[in-house]
Structures are given as structure tokens and as C-alpha cells.
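# Understanding the architecture of this molecule
Listed here are the chains, written in short residue letters.
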Amino acid sequence: MATDAPSPQRAYRAACPNCGATVEFRSAASALAVCGFCRSTLLREGEALRRIGQSAELFDDHSPLQLGASGRWQGAGFTLVGRLQWRYAGGSWNEWHALFEAGKSGWLSEDNGGYVISFDAPTPADVPPAETLRVGAQHLIDRQAWSVASVTTASIGAAEGELPRVPDLQREHRVAELRNAGDEVASIDYGPGLQGSEGGDERAHGNGRAPRWSVGRGLQLATLALTGLRDASARDLVGQSLACPSCGAALAVQLSSTLSIVCQQCHAVVDVSQGVGAALAHYAQDTPGVAGGEPLIPLGQSGTLALGATDALPWQVVGYVERCTLPEPGEDDEQSFWREYLLYHRTAGFAFLVDAEDGWSWVRPTTGAPRAGSNEGDGVRWQGAHYRELDRYTGQITYVLGEFYWRLERGQRTLNTDYQGPGGKRLNREQTGAGANAELTWSAGAALDAKALMRAFKLDAALQPALQRDVGPVAGGGAGALAAIALFLLIVVLLFSLVRCSRDDCDQFKRSYGAASNEYQQCARASGGVGGVRGYGGSYGGFSTGGGGHK
């Protein structure tokens, strides 16, 4: 724990009634603290401390933040004095209690691979009941239009440090996340109990209290000028080694935010969302008998790109995803295929490069959500620009490499809508799950020139035909031969994607005789299991990150 951060206020210290260790309160308004030695939950009653329970152990998620870290937000200094570690079906997220110099409390939370700073506010009178919220629906709350991004059930798994109110560590909470066109995110904690109370406050739930409301904005950690970060994970790489539960090979977790990692040996997808030391769930990937095609931009490669309003930064490729469209039953649409590269920068967070049939683009998850038009087909408005709808489709992950800040699931499907704006700008709306497990993520970006991509990542000139979608005939000579090899590799990757994504009833023939055999080809033609390859689809990408609850 950092110890050299300045205290924003006069500190109050008392002995833990359970173990005798010193417990410090930096704010006179803080109601509770967790003893750092015995993990007793201590309620402050005047000048005395009363033990009311014990917090579970926090699992080590390698967050770069820690108690005592300090920074500045909009000119005001703050110190991180407490943390809540929330857990839900999709993993976990942290909410850090930021105590400002003037005594105001805020929350620094994780959101879509980035961060949000938010503040509690009076709950609007027209906050809708939890049971009426549907992902994607629009609600007018306190005269502001909000879009529901997720509604999930979560619990406070553990806590540490100093907190402004007593957390309920025993029961599950219903938590909703909403986003608006002002690039804000709101969180509604309905608390334990999901049924509305009869009489009294209509907003009160089973625990008798009204929902808690907070509003925040996305940020990059670099803008906070933080000091006192954890040395081990403030660096770019964590280097935590685990054993693959499938083959036993070493898994080197490189990033502090990783929830899923792919074994380099057997290509199993391993879930590390429950923390190091927990049981590691995993699944084997469906591949056509051999490892899938390698990404055109290798994992670990770094390239300097200016993505949006930010200055040019060195981005590192840490993940690779192959995806396809799934035509609706009875439709004759050809399947489309595209690839996404997950990029990482130490302070800017994550972005995606999308390799589709209409060219390259980049996208980043947004904190807010566009404003929808009044009528179907009107498109959406985002940051003053109008975006028209291009396509709606169902997507599916077919193959992954590297590591990811969200939990991967076998064959997970997404509902996507692509939008195009002025000057090559792009938006993607992506929904995962259904019903109570549905989550919605928006991503924004723009088209990217393939030549600029080659320069940024210092790729071999022979890869240019594979990177550009308007590939022409390959010229003769040495350079032409290299280009032909690059084009051949692209076709191989396309075929691998097609096989993984097709509804193939001829697996037995493929395993016995091979994909190129007459036996397999005859079966495929008879069953219609292998469709034509028309290249990559038009998705603008940004795989859903499980964005509910500042996760």
C-alpha cells in the first residue's frame, strides 16, 4: 500500500476491537472501514468502533490502483481510501472510493476496459423500477434521455479501506447501467430485494430504501496524474504465470485487466476472471483439425497510431478474434467473415482494429450512447453528427488468440447494427446475451488506410495485397512471389474461418479423409454445408465487453 500520499483531511485513528491494529479514517463523514489485518468490518459510532462482521478476502486482480494512490480531477486533489469489489456472473469489477480534499466522495470504477469517475447524486423521482428496464430501451429520467446498457444481479464480494456508507455484503443487488448522448454513464443500485414495496416510497425496494443514483464520465488514467500506483502492475506487463488446465503449458498473463487468455500450446480458452488461484474454467476451440490462420499483424507487435482525438500513441496487439455472420433460418444470405485485433496502451486503455471486406477501421467503446431517431430507419446522432444505419446481423466468434479484458464463451453470439457517419466515421451497436443477462455496448471509430497501418506496424511490403481488399493480379518476379504467398495466407485464413463458422454435417469425413478429399467435398456439396466465401463482412467491430455496472 502506498503511504506517502497526502491526507486530504485530518485523520481519525482507533484500535480495531478485534485484533488491536490501528484503523485510520481520513474523512469524518466515513461510516465504515475494513481492518487491513483481520478484515473485520468496523462501524464508526462517534469515537468508538464496533465490529459488525468480516469481509471476504479480495482476490488479486492486479489492478494498478491501490489504497493511498492520489491524483487530481478537474483541479481538485483526491486520495483513494477504500474499495468495493463487485462480483457477478460475468466476472467482477472494482469501485474505488476517492476522497477529495474538500471532503467530497467520488468513485473511480472500471468500464469497458477503461475507467469512469462518478459521483453520487440525489435519486431522480422518475427513476423506473428495476423490473421495467429492458436493455436497449430509452427512458426519460430527470428530463434526460438515457439508454439502458445492462441490468444485472451482483453482490459486493469484498471490501477494504474506508467507505462512505455501510455495504451489504450478504445479499445480491440489482444494478442497472444507463448511458446517454452526452457521453455519460449512470448507475442505479436498487439494492437487495427486487420487488417494489407496497405503500410509502414507490421507488423503495425489498430493503426499504430508494435506489441509489450516480453519474460519471469516462477518462484515461493518465489524465488523473496518479501517484502511488502499484509498482508490479503500473507497468505494461504483469507476467503472472499459470498452468493451462487443458494441457499444463505455462500461461503468461501479460495485462492487469485480463479475464480470458488463450493457451499458445493447445489453443484452449481459459477463464481467469475469478482471480489467480481460483479454479480455471476453460474450453477447447473448434478448429478444422489444425491451428487456425495466424493474424496478419502478429500478437505483441506495436504500432504508432492516432485514434480519434488522441495524439499518436504506441498500441500493442494483445488479442485476435475471427468472427462471422449467421444468416437467419430460411435466408439465402452468404456468410461474411471479419477479423478484429485488440490493441492496448498503458494509459489510453483498449481499442480495436477491424479487418472487413470494405477495408480497415478502428473503434473504441464509448462511455455514452447515441440518441436514436424518432422513427425506425432514422439512424442515430452522436457528438453532433448523424449516422445512418447500414446493416443488422447476428455475429459469432469462431476463433481467438491472445488475451482479453472480457470473459469469452464458446460460440457466443452477438446482435450487431452498423452505422456510417460523415468523413468515414463509424458506429457499432452490439448486444450480447438475452433477457436478464443482456448487455449493450456502443463503439465509435473511423476508416483506416491500409498503407498507414503498414507504416505504423512496420509490416513487410509483401503483406500489402493481403491487407488491401482490392487485391489485383500478382506480378511476376521475386516481389510478386512474396505477394502471392501473402495472398495465399489470406485465403487460407478465410477458408479456416468458413469451416469454423459453417453448419457442417460432414465432420466425420473431414476428420477421416481431410477437408480436400473427394469424400468430404461430395458430402459438403450434398448437404449444402460449405457456402461460398465472399470475404469479410461489414462489421465495424468492437466485441461486447460486458459493460454493465461499470465493469
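Residues numbered from 1 in each chain as written. Predicted model: local features only at pLDDT ≥ 70, side-chain atom pairs only at ≥ 80, totals over all residues. Heavy atoms only, no water.

The helix and strand tally for the chain stands at 6 helices and 31 strands. The long-range fraction of contacts in the chain, counting pairs at least 24 apart against all pairs at least 6 apart in sequence, stands at 58%. Carbon and sulfur atoms form 49% of the exposed surface of the chain, whose accessible area is close to 24000 Å². (Helix = DSSP H or I, 4+ residues; strand = E, 2+ residues; numbered from the N terminus. Contact = heavy atoms within 4.5 Å. Areas by Shrake-Rupley, 256 points an atom, 1.4 Å probe, with all protein chains shown as cover.)

The next thing to look at is empty space enclosed by the protein. Inspection of every chain in the model, using the stated rule, returns 1 cavity of 30 Å³ or more. The space that makes up the largest cavity amounts to roughly 50 Å³. Lining the largest cavity are Gln138, Gln144, Ala145, Trp146, Ser147, Arg179, Asn180, Ala181, Ala369, Pro370 and Arg371. Sort the elements by how many residues they give to the lining of the largest cavity and strand 12 (residues 144–163) lands first, with 4 residues. (1 Å grid on protein atoms, 1.4 Å probe; cavity = no way out; pocket = protein on both sides within 12 Å on 5 of 7 lines; lining within 4 Å. Points joined across faces, edges and corners; volume = space filled by probe spheres on them.)

Attention now goes to the pattern of salt bridges. Counted according to the given criterion, the structure contains 12 salt bridges. Here arginine 171 makes a salt bridge to aspartate 168, at a shortest N to O gap of 2.9 Å. Residue class for arginine 171 comes out partly exposed when judged on its relative accessible area of 45%. Linking arginine 339 and aspartate 355 is a salt bridge whose minimum nitrogen-to-oxygen distance equals 2.7 Å. Placement of the pair is arginine 339 in strand 23 (residues 337–345) and aspartate 355 in strand 24 (residues 349–356), with a sequence separation of 16 residues. Residue classification places arginine 339 among the buried residues on the basis of a relative accessible area of 0%. (Salt bridge = Lys/Arg side-chain N within 4 Å of Asp/Glu carboxyl O. Buried < 20%, exposed > 50% of the residue type's maximum accessible area, 1.4 Å probe, protein only.)

Where like charges cluster on the molecular surface, the negative patch consists of Glu328, Glu331, Asp332, Asp333 and Asp391. Within the secondary structure, glutamate 328 sits in the loop between strand 22 (313–325) and strand 23. (Patch = residues over 30% accessible without salt bridge, like charges linked within 9 Å, V, L, I, M, F, W, Y side chains within 5 Å. Lys, Arg positive; Asp, Glu negative; His and termini not counted. Charge placed at Lys NZ, Arg CZ, Asp CG, Glu CD.)

Turning next to the nonpolar core. Formed by 49 residues in total, the largest nonpolar core has its most connected members in Ile297, Leu353, Trp360 and Phe457. When contributions to this core are tallied by element, the ones reaching two or more residues are strand 22, strand 23, strand 24, strand 25 (359–365), strand 28 (385–404), strand 31 (439–448), helix 2 (450–457) and helix 3 (464–467). Of all hydrophobic cores here, the second largest spans 17 residues; its members include Leu65, Leu67, Trp96 and Phe100. (Core = buried A, V, L, I, M, F, W, Y, C linked by side-chain atoms within 4.5 Å.)

Take the packing of aromatic side chains next. How two aromatic rings sit relative to each other is given by the distance of their centres and the angle of their planes. Considering all chains together, one arrives at 14 aromatic pairs under this definition. Between tryptophan 86 and tryptophan 93, the aromatic rings sit 5.5 Å apart at their centres with planes inclined by 5 degrees, giving stacked as the arrangement. By relative accessible area, which is 4% here, tryptophan 86 ends up buried. Each ring, one from phenylalanine 350 and one from tyrosine 405, has its centre 4.4 Å from the other, and the planes form 35 degrees; the classification is tilted. A residue pair is termed long-range when its members are at least 10 positions apart, and phenylalanine 350 in strand 24 and tyrosine 405 in the loop between strand 28 and strand 29 (413–420) qualify at 55 residues. In this structure, phenylalanine 350 and tyrosine 405 share a single accessibility class: buried. Among the aromatic residues, those joined into a cluster by ring pairs are Tyr344, Phe350, Phe352, Phe404, Tyr405 and Trp406. In this structure, lysine 104 packs its charged tip against the face of phenylalanine 119, placed 4.3 Å from the ring centre. (Phe/Tyr/Trp six-rings, centres within 6.5 Å; stacked < 30°, edge-to-face > 60°. Lys NZ or Arg CZ within 6 Å of the ring centre and 35° of its normal.)

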